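# Examination of the molecular architecture
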Amino acid sequence: MQATPTTTWRAIRSILSHHPLSTHALLRNQLGTLRKMSSTAHAPLLRQPVKLACIQLAAGPSKATNLSRAASKVREAAATGAKIVVLPECFNSPYGCDYFPSYAEPLLPSPPPESAAPSFHALAAMARDNSVYLVGGSIPELVPSADGPKYYNTSLVFSPSGALLATHRKVHLFDISIPGGITFKESDVLSPGDAVTVVELPEYGRVGVAICYDVRFPELAMVAARRGCFALVYPGAFNTVTGPLHWKLLGRARAVDNQVYVALCSPARDVKAKYHAYGHSLIVDPMAKVLAEAGEDEGETIVTAELTGETIESARKGIPLRDQRRFDVYPDVSKA
Ligand SMILES: O=C(O)CCC(=O)C(=O)O
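If you're wondering where the values come from, they're calculated on a predicted model, not measured in any experiment.

### Describing the overall build of the protein chain
Summing up its helical and strand segments, the protein chain has nine helices and 15 strands in all. Burial statistics for the protein chain: of 336 residues in total, 51% are counted as buried. Counted over contacts in the protein chain with a minimum sequence separation of 6, partners at least 24 positions apart contribute 67%. With an accessible surface of roughly 15,200 Å², the protein chain has 57% of that area assigned to carbon and sulfur atoms.

What follows is the structure, encoded as structure tokens:
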């Protein structure tokens, strides 16, 4: 087993309980040094402060209108100084299983032809034109196959030069049935993704990207966070049944579990649409403090917050979870 400050402390503590006083003093000294080492041994997760913006976009049935509206809102977000900009889940279409096939676009070949993949090219241009990292919400992705087309709910992340950095296919499909509340079954149409997504943003550090229902699964967040993310970013589209109970709770829970920033980005609510998005896009800090939240009117808006490495480090120094985990009692799922 590899020695870490934590395992070494435990070994020293056990020796301390069996040895005479002089050895005791010597070892206590070493224990102090190790304690200091462990609090400084971690490189900063966020290399410089960065402003993050969530765009609570109003999406309607016209894909072209949704794309041009997104472009103007990304411009507006970038004008506030935001360098990481997030769009909501299914920002190029209304949200619902009936819509996925007709709005879906292929991502291959890479880059796909513009006529077949207008959302891909519009997102690349939004990132490039505004020099921002863009977590492009999600779009229905089409993958042709011999057995018929497959569809995924996929997030595309672009660099400030407009290059595609990563894609995340929603891992946990939104299949729920709450009597008298809401029934939804994405798996009727969509296939699930099978990977944790961590994206390197060279000037800043790493972000984990996942989609909506994925936020309910602490393991996915934990695995991404332990790969060194400073933020977990979730384009989402909760609803008016589960949203009021769980949206903020889950955002704050993933933040406090992992001592990282969390951003949840919703569409604006459209009461004329079949699906009523919850809104309340929010950004939470590593102590689970809500830094910014879209208001009660659930309309189109942009929420922003400044993220700093010091905030993460001070949360982790004050409550040193990372050095206190007991992988001798439970497994480290991030190593599985
Ligand atoms: O988990 C929920 O309650 C909502 C999830 C959702 O809306 C989604 O995954 O799109």
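Past the structure itself, the notes keep going.
### Concerning unusual backbone geometry
The omega torsion of the bond from Leu108 to Pro109 falls at 0°, within 30 degrees of zero and hence cis. For the bond from Ser110 to Pro111, the omega torsion is -5°, close enough to zero to count as cis. With respect to the secondary-structure elements, Pro111 resides in the loop between helix 4 (100-103) and helix 5 (118-130). Of note, Cys90 is a non-glycine position whose phi angle comes to about 45°, a positive value. Mapped onto the elements, Cys90 comes out in the loop between strand 2 (84-86) and helix 4.

### A closer look at the confidence of the model for the protein chain
Summary statistics for the protein chain give a mean pLDDT of 91 and a share of 88% for residues scoring 70 or more. In this model, residues 11-29 is a region of pLDDT below 50 whose contacts with residues beyond four sequence positions or in other chains number eight contacts. In the predicted complex, the global pTM is 0.88; the interface-specific ipTM is 0.98.

### Some remarks on the sheet that holds strand 9 (residues 197-201)
Note on sheets: strands pair through backbone hydrogen bonds, and any given pair is parallel or antiparallel. Spatial strand order, 9-10-11-12-13-14: six strands in an open sheet with mixed pairing. Because the sheet does not close on itself, it has two edges, and the strands there are strand 9 and strand 14 (290-293). When the angles between neighbouring strand axes are averaged without regard to direction, this sheet yields 20°. Note that strand 10 (residues 205-209) and strand 11 (residues 229-235) share four bridges and pair parallel. Paired with Arg206 across the strands is Cys229, a residue of strand 11. Of the strands in this sheet, strand 9, strand 10 and strand 11 are in contact with helix 6 (residues 218-226), which crosses strand 11 at around 145°.

### So, the nonpolar core
One finds Leu52, Cys54, Leu201, Val207, Phe230, Ile283 and Leu307 to be the most contacted residues of the largest nonpolar core, which totals 29 residues. Going through the elements one at a time, strand 1 (50-56), strand 2, strand 3 (133-135), strand 9, strand 10, strand 11, strand 12 (261-265) and strand 15 (301-307) are the ones with two or more residues in this core. Each residue touching Leu307, except ones within four places of it in the same chain, is listed here: Leu46, Pro49, Val50, Leu52, Phe230, Ala231, Tyr261 and Ile283. In terms of nonpolar packing, the next biggest core, distinct from the first, is built from 26 residues, Val74, Phe120, Ala122 and Phe158 among them.

### A look at the packing of aromatic side chains
All told, the structure shown has 13 aromatic pairs when counted by the stated rule. Each ring, one from Tyr133 and one from Tyr204, has its centre 6.2 Å from the other, and the planes form 80°; the classification is edge-to-face. Of the two residues, Tyr133 sits in strand 3 while Tyr204 sits in the loop between strand 9 and strand 10, which places them 71 residues apart along the sequence. We note that Tyr133, like Tyr204, is buried. An aromatic cluster of three or more residues is present, and its members are Tyr95, Phe100, Phe174, Phe184, Tyr213, Phe217 and Tyr275.

### A closer look at the pattern of salt bridges
The full count for this structure, using the stated rule, is 18 salt bridges. Across the pair Arg269 and Glu298 runs a salt bridge whose closest N-O atoms are separated by 3.6 Å. Taken as a pair, Arg269 in the loop between strand 12 and strand 13 (282-284) and Glu298 in the loop between strand 14 and strand 15 lie far apart in primary sequence, 29 residues in all. For Glu313, the salt bridge identified is with Arg322, shortest N-O distance 3.2 Å. Salt bridges sharing partners connect three or more residues here, namely Arg69, Lys73, Glu76 and Glu300.

### Concerning the site of the ligand
Around the ligand, the surrounding shell consists of Glu89, Tyr95, Lys170, Phe174, Cys212, Tyr213, Arg216, Ala237, Phe238, Asn239, Thr242 and Tyr275. In the environment of the ligand, an oxygen atom lies 3.0 Å from a nitrogen or oxygen atom belonging to the backbone of Tyr213. At a separation of 2.8 Å, an oxygen atom of the ligand approaches a polar backbone atom of Ala237. Protein chains shield 100% of the accessible area of the ligand, which is 290 Å² for the free molecule. Comparing atom positions with the cavity grids shows the ligand to sit within the second largest cavity.

### So, empty space enclosed by the protein
If you walk through the whole model with that rule in mind, you get two cavities of 30 Å³ or more. A volume near 80 Å³ is recorded for the largest cavity. Lining the largest cavity are His168, Val196, Thr197, Gly208, Val209, Ala210, Leu220, Ala221, Ala224, Leu232, Val233 and Tyr234. When residues of the lining of the largest cavity are traced back to their parent elements, those giving at least two are strand 10, helix 6 and strand 11. Taken as a whole, the second largest cavity holds about 60 Å³ of empty space. Lining the second largest cavity are Phe174, Ile176, Cys212, Tyr213, Arg216, Ala237, Phe238, Asn239, Thr242 and Tyr275.

What counts, and at which threshold
- Residues numbered from 1 in each chain as written.
- Predicted model: local features only at pLDDT ≥ 70, side-chain atom pairs only at ≥ 80, totals over all residues.
- Heavy atoms only, no water.
- Helix = DSSP H or I, 4+ residues; strand = E, 2+ residues; numbered from the N terminus.
- Buried < 20%, exposed > 50% of the residue type's maximum accessible area, 1.4 Å probe, protein only.
- Contact = heavy atoms within 4.5 Å.
- Areas by Shrake-Rupley, 256 points an atom, 1.4 Å probe, with all protein chains shown as cover.
- pLDDT = per-residue confidence, 0-100.
- Pairing = 2+ DSSP bridges.
- Axes fitted to C-alpha atoms, helices over the stretch in contact; angles between N-to-C directions.
- Core = buried A, V, L, I, M, F, W, Y, C linked by side-chain atoms within 4.5 Å.
- Phe/Tyr/Trp six-rings, centres within 6.5 Å; stacked < 30°, edge-to-face > 60°.
- Salt bridge = Lys/Arg side-chain N within 4 Å of Asp/Glu carboxyl O.
- Near = heavy atom within 4 Å.
- Polar contact = N/O pair within 3.5 Å; in protein donor to acceptor, adjacent residues only side chain to side chain.
- 1 Å grid on protein atoms, 1.4 Å probe; cavity = no way out; pocket = protein on both sides within 12 Å on 5 of 7 lines; lining within 4 Å.
- Sits in = over half its atoms within 2 Å of the grid points.
- Points joined across faces, edges and corners; volume = space filled by probe spheres on them.

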